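# Secondary and tertiary structure notes
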Amino acid sequence: MSVLTEMFRNLFSRPVTILYPAEKVPVPPGFRGKVTIADEKCIGCSKCSVVCPARCITMTDSPREVEFKGKNLARKKKPRVKLYKCIRCGLCERHCPADAIHLTGEPASCGPSREEVTA
Amino acid sequence: MSKVVIPVGPQHPALKEPVNFRVIADGEKIVQLELDLSYNHRGIEKAAESRDFIRVLPLLERVCGICSHSHATAFAKGIEELMQVTIPPRAQYIRTIVAELERMHSHLLWLGVAAHEVGFNTLFMWTWRDREAVQDMLEEISGNRVHYNMNEIGGVRRDISAGEVASILKRLPVLEERIAEYVKMAAGQKTMLMRFCGVGKLSRAEILKYGAVGPTARASGVDYDTRKDDPYLVYDQIPWKVVTENDGDVYGRTKVRIGELSESLGMVRYCLENLPEGQIRTTAPKAAPSGEILSRYEAPRGELVHFIRTNGTDKAERLDIRTPTLANWTSVAAALVGRNLADIPVIVAAIDPCLSCTSRMTIVDQDKNEQRTLPVASLRPGNTGRKEGGLFS
Amino acid sequence: MNDILYLVLYVLVFPGFLFLLGYALFLEFIDRRITARMQHRVGPPWYQPLADFIKLLGKEVIDPAGIDRKIFDAAPLIALAAVMTAFIYVPVIGGSPLAFEGDLVLALYLLAVPTIMLFLLGWLSRNVYAAMGGVRAVTQLFIYEVPFFLALLTPALMAGSWSVSVIAEWQQQHLWFALLQPIGFIVALIGLQAKLERPPFDIPEAETEIVAGPWTELTGRRLAVMHLAEDVALVTGCGLVVALFLGGPLLPWDVGPAWLFGIAGFFIFVAKTLCILLILSAIKAATGRIRIDQLNDVGWKYIASAAILQVAVVFVMMSAGVIS
Ligand code: SF4
Ligand code: SF4
């Protein structure tokens, strides 16, 4: 009987389906999405690249002065993330000493060129 | 109709994952059944041996999409025990909350699948709709709907903020109401009762003989739950009880799972309300001392066992995973013979099989028409100097 | 001349085949929509059944190895033709002009044709799932056909005619048979659900057991036509139940000119078929699939005896002179 009542209750109420892409589900804060790198903070320590389980972070040459804990450092490399390989585990964020790599609320992206799917 | 061989799987609408039953049926009756597992060998155990303890956890979560937290916790728990690290109480509570939420979403998913197997798609849609609420909570806590990544050796990675606690506590009553509704539906839905009652019956003795675990065993009156028999996390400190039924059939398993839904909900509520203050992790050493450990964990489907052998490095030397589905398969094969063909999906679904996690390798020689397994020694050309035997040989 | 033109228009355009096909797709849409809403989903847009049909027509037709192509091509068409023919005798805007004494029996036989065709397809497609489905389809046919026939024939008994249109007219003067013979009405609805192979009677095409039963090897236009036949059977079945139990498209009193009567009748027909469909969809959404041996039990024990009971009650009522 409870099945019937619920069926007819549903019949006259708004369906719960979310019509993506017209409607979108709100993403909670702290959602693990696309990886971004704050270039001005990264000290090029390669910790993220070592810890990444998907092996999707490579270090590329990018000499730059960065401020880290009040000192100025000259970094040599910065990470490049292959987003199409990233499993969004967040380990890079967790182990970065400079708080430079972050997972944002943006969903995984796709794109026609390699540039668009790397960060 | 005379006897026909009906291949069920590896591609079949009833089984969403690859497994093959060679069913020999006489009309609609099953007279013989051959089970062929393992179309999905992924080599996770081997891969786990080459990753350090930080990187292995995301890999282990991917053993199973439904009980991802179970695998990571079972492993982390084992390693922590080897390292003799005690994780802070707050971390234990958080692990328990995620574990019980995971159990809830797994059981809701199961209820839907079981209903779908008997063609009752309405319940399927409803349970999956309500499961979404649980998934939202998990997403809020962990940042992901499937692979929570909450564990690390020495604690948990994320804290649950006061705001999250409040918002989840506020949403629990709705779920509670829904669960009460499912209790009513399970008892009153005629066609479902017709398909579930008396189907796949296994007596207590049979369960013990075939070594079934989890809700399958508990539905036959076997009072066996790792959370109670070998308590880990905070299960010995929080109020809950083991749900058992004596029906022994698919209906009994349904009742056990629905019962566990409300038990889990109670545990989540208790843990959230009594969340101790403090650290969420301690610093664990990088490497584990050499040793062997058998880590047991009550996954939603039953007892999950991780056997870990370490050798003093930051990697496991050997990891062997025994998933609950593997323990339950034999009981399925036994329950199916003599039944109706239409019961296959119901009985198989009743153990909530998770097939990729269950993959085992056998060598099939088509020319000689024989099957065999490889002894461990033949897999190790270089002598490791270790005696074979024990749990894994 | 005018008469012939009217007949041709009646059969081919309205309310005959053209209307029928459109209405069949419409009813499928309504059915899917209602089910979806009951399950708290959104459901398909209105053109989905038509889009599915056109898409399937354009798809490749695959012949399983070793089948008789002619039969595979013909069977869906025969099924469709049969149910469409049956619809001609269903009163839509007043009595059918082609009605004759005994068209009820003809319509019932024609409605059984799709099941027979499914059995044939299943049996001939050299596929274990299809063969099992075919066998299940006929087994099921034997179980529900008897009570279904009995339930639909009881109105005929009471009205004293074997013509659908006459039975509908009889109710204009008396009461609806749904009120006079409630048991028969329920049995007819259950039988109709079984005939259309909808849950809980979708045993022959049980997706999780035997893939799609006899439908397994149907592809492209064969599948499209078979689906259409099923939809048409839904309209015909609903129409028959409406005519036999709910007084058909007729108003209990006469209104003005014939054309107004026709239009009113048409809307009544649509409203009543939608009501029947709502019941059928509700049954579909509220049940799971039972097993064939359980259907055997339930069918003979309860449904058949209910139908027989109804016949007995009708005889008693008639001899007692309750209904003149
Ligand atoms: S989120 Fe994980 S997989 Fe992605 S880049 Fe960071 S560590 Fe690698
Ligand atoms: S861990 Fe942080 S600071 Fe180090 S390389 Fe990666 S992003 Fe840069």
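By convention here, each chain's residues receive numbers from 1 onward along its written sequence. Labels are handed out in written order, letters beginning with A for the chains and numbers beginning with 1 for the ligands. Totals for whole chains, interfaces and linings use every residue, but because this is a predicted model, local features are given only for residues with pLDDT of at least 70 and side-chain atom pairs only at 80 or more, for both listing and counting. The basis for every side-chain value is the complete set of non-hydrogen atoms in the structure, without hydrogens or water.

All right, on to the nonpolar core then. We define a nonpolar core as any set of buried Ala, Val, Leu, Ile, Met, Phe, Trp, Tyr and Cys residues linked to one another through side-chain atoms lying within 4.5 Å. Categorising residues by exposure relies on relative accessible area from a 1.4 Å probe, with only protein chains included: less than 20% of the type maximum marks a residue as buried, more than 50% marks it as exposed, and the intermediate range marks it as partly exposed. Counting residues in hydrophobic clusters, the biggest one holds 208 residues, and the most contacted among them are B:F21, B:V23 and B:F75. With 17 residues, the top contributor of residues to this core is helix α11 (residues 220-245) of chain C. Dropping the residues within four chain positions of it, B:V23 is found in contact with B:V4, B:V5, B:I6, B:V8, B:I30, B:Q32, B:L33, B:L341 and B:I344. Grouped together as the second largest cluster of nonpolar side chains are 20 residues, A:I43, A:C52, A:V66 and A:C96 included. Strands are runs of DSSP state E lasting at least 2 residues, helices are runs of H or I lasting at least 4, and numbering of each runs from the N terminus. Throughout, a contact is declared for two residues whenever any of their heavy atoms are within 4.5 Å.

Time to look at the site of ligand 2. Here a residue counts as near a molecule or strand whenever at least one of its heavy atoms sits within 4 Å of it. Taken together, 13 residues lie around ligand 2, and A:C42, A:C45, A:S46, A:C48 and A:C96 are the ones closest in. In terms of residue class, the shell around ligand 2 is made up of 10 nonpolar, two polar and one charged. Charged residues are taken to be Asp, Glu, Lys and Arg, nonpolar residues to be Ala, Val, Leu, Ile, Met, Phe, Trp, Tyr, Cys and Pro, and polar residues to be all remaining types, Gly included.

This brings us to the site of ligand 1. The environment of ligand 1 is formed by A:C52, A:P53, A:A54, A:C56, A:I57, A:V81, A:C86, A:I87, A:R88, A:C89, A:G90 and A:C92. In terms of residue class, the shell around ligand 1 is built from 10 nonpolar, one polar and one charged.

A word on the interface of chain B and chain C. Chain B puts 31 residues into the contact, and the matching count from chain C is 25 residues. Summed over both sides, the interface between chain B and chain C buries roughly 2400 Å², with carbon and sulfur atoms accounting for 57% of that surface. Salt bridges are counted wherever a side-chain nitrogen of Lys or Arg sits within 4 Å of a carboxyl oxygen of Asp or Glu. At the junction of chain B with chain C, the criterion picks out one salt bridge. Listing elements by their share of the side of chain B that touches chain C, those giving two or more residues are β1 (3-8), α4 (89-117), α5 (121-142) and α7 (190-196) of chain B. When residues of the side of chain B that touches chain C are assigned to their parent elements, the largest contribution, five residues, is made by α5(B). Grouping the amino acids of the side of chain B that touches chain C by side-chain chemistry returns 16 nonpolar, nine polar and six charged. Accessible area, probed at 1.4 Å, shrinks when two parts are joined; the buried area is that loss added up over both.

So, on to the interface of chain A and chain C. Residue-level contacts link 12 residues of chain A with 11 residues of chain C. Taken together, the two surfaces of chain A and chain C that pack against each other cover about 1000 Å², and 69% of this comes from carbon and sulfur. What qualifies as a polar contact is a pair of N or O atoms within 3.5 Å, subject to a donor-acceptor requirement within protein and to the restriction that residues adjacent in sequence count only when both atoms come from side chains. The interface formed by chain A and chain C contains six residue pairs in polar contact (both at pLDDT 80 or more). Looking at the side of chain A that touches chain C residue by residue, the class counts come to eight nonpolar, three polar and one charged.

With that out of the way, let us pick up empty space enclosed by the protein. Residues and elements named next belong to chain C. A cavity here means a set of points on a 1 Å grid, drawn over the protein atoms and nothing else, where a 1.4 Å probe fits but cannot get out; a pocket is an open set with protein on both sides within 12 Å along at least five of seven lines, and a residue lines either one if it has an atom within 4 Å of a point. Grid points are joined across faces, edges and corners, and a volume is the space filled by probe spheres set on the points. Across all of its chains, the model carries seven cavities of 30 Å³ or more by this definition. The volume enclosed by the largest cavity comes to roughly 140 Å³. Taken together, L111, P114, T115, L118, K195, L196, E197, W215, M226, A229, E230 and A233 make up the lining of the largest cavity. Within the residue set of the lining of the largest cavity, elements represented by two or more residues are α5 (103-124) and α11.

Residues and elements named next belong to chain B. Counted residue by residue, strand β7 (residues 302-310) has nine buried out of nine residues, so it is predominantly covered. The hairpin turn running from strand β6 (residues 291-299) into β7, its antiparallel successor, is two residues long. Here β7 folds back onto strand β8 (residues 316-322) in antiparallel fashion, the turn holding five residues, of which G312 has a positive phi close to 85°. A pair of strands counts as paired when DSSP detects no fewer than two bridges linking them.

Quick look at the domain arrangement of chain B now. As assigned here, chain B comprises domain 1 (44-340) and domain 2 (364-393). Domain segmentation is taken from an automatic or database assignment of domains. A C-alpha centroid distance of 32 Å is found between domain 1 of chain B and domain 2 of chain B.

With that settled, the discussion passes to helix α13 (residues 292-319) of chain C. Each helix should span, by expectation, one fewer than its residue count multiplied by 1.5 Å. Between its terminal C-alpha atoms α13(C) stretches 39 Å, which fits the 40 Å expected from 28 residues at 1.5 Å a residue. In this scheme, the bend at a residue equals the angle between the axes fitted to the seven residues that finish there and the seven that begin there. A bend of about 40° at C:G299 is the largest found in α13(C). For α13(C), the set of buried residues is C:I292, C:Q294, C:L295, C:G299, C:I303, C:A304, C:A306, C:A307, C:Q310, C:V311, C:V314 and C:M317. Looking at the buried side of α13(C), the elements it contacts are α7 of chain B together with α6 (128-159), α8 (177-180) and α9 (182-195) of chain C. With its phi angle positive at about 75°, C:G321 sits one or two positions after the end of α13(C).

This brings us to the packing of aromatic side chains. Only the six-membered ring of Trp is used, alongside the rings of Phe and Tyr, when aromatic pairs are assigned; centres must lie within 6.5 Å, and planes under 30 degrees apart are stacked while those over 60 apart are edge-to-face, with the rest tilted. The tally for this structure, following the rule as stated, stands at 16 aromatic pairs over all chains. Among the aromatic residues, those joined into a ring-pair cluster are C:F19, C:Y23, C:F26, C:F29, C:F266, C:F267 and C:F269. Its guanidinium or amino end placed over the ring of B:W128, B:R131 lies 5.2 Å from that ring's centre, counting from NZ or CZ. Think of it as a cone above the ring: NZ of Lys or CZ of Arg counts as a charge over the ring if it is within 6 Å of the ring centre and within 35 degrees of the ring normal. Between B:R257 and the ring centre of B:W110, over which it is positioned, the NZ or CZ distance is 4.3 Å.

With that out of the way, let us pick up the sheet that holds strand β2 (residues 20-26) of chain B. Residues and elements named next belong to chain B. Sheet architecture is open: three strands sit in the order β1-β2-β3, paired in antiparallel fashion. The open sheet has two edge strands with one neighbour each: β1 and β3 (29-36). Between one strand axis and the next, the sheet turns through 20° on average, direction left out of account. Here β1 runs beside β2; their pairing, made up of six bridges, is antiparallel. Bridge pairing in β2 places V4 opposite A25. The strands touched by helix α12 (residues 324-336) within the sheet are β2 and β3, with β3 carrying the most contacts at an inclination of about 160°. Interaxial angle, 0 to 180 degrees, is taken between N-to-C directions of lines fitted to C-alpha atoms, where a helix line uses only the stretch in contact.

A few words on the sheet that holds β8(B). Residue and element names in this part refer to chain B. Spatial ordering of the open sheet is given by β6-β7-β8, a layout of three strands whose pairing is antiparallel. Both edges of this open sheet fall to β6 and β8, since each of them pairs with a single strand only. Strand-to-strand twist in this sheet, taken as the mean axis angle between neighbours without regard to direction, amounts to 15°. Bridge analysis of β7 against β8 gives six bridges, and the strand direction is antiparallel. Considered in β8, the bridge of V305 is made with R322.

So, on to the pairing of strand β3 (residues 71-81) of chain A. Residues and elements named next belong to chain A. Bridge count between strand β2 (residues 57-68) and β3: 10 bridges; the pairing is antiparallel. If you follow T58 over to β3, its bridge partner there is R80. Here β2 folds back onto β3 in antiparallel fashion, the turn holding two residues, of which K69 has a positive phi close to 50°.

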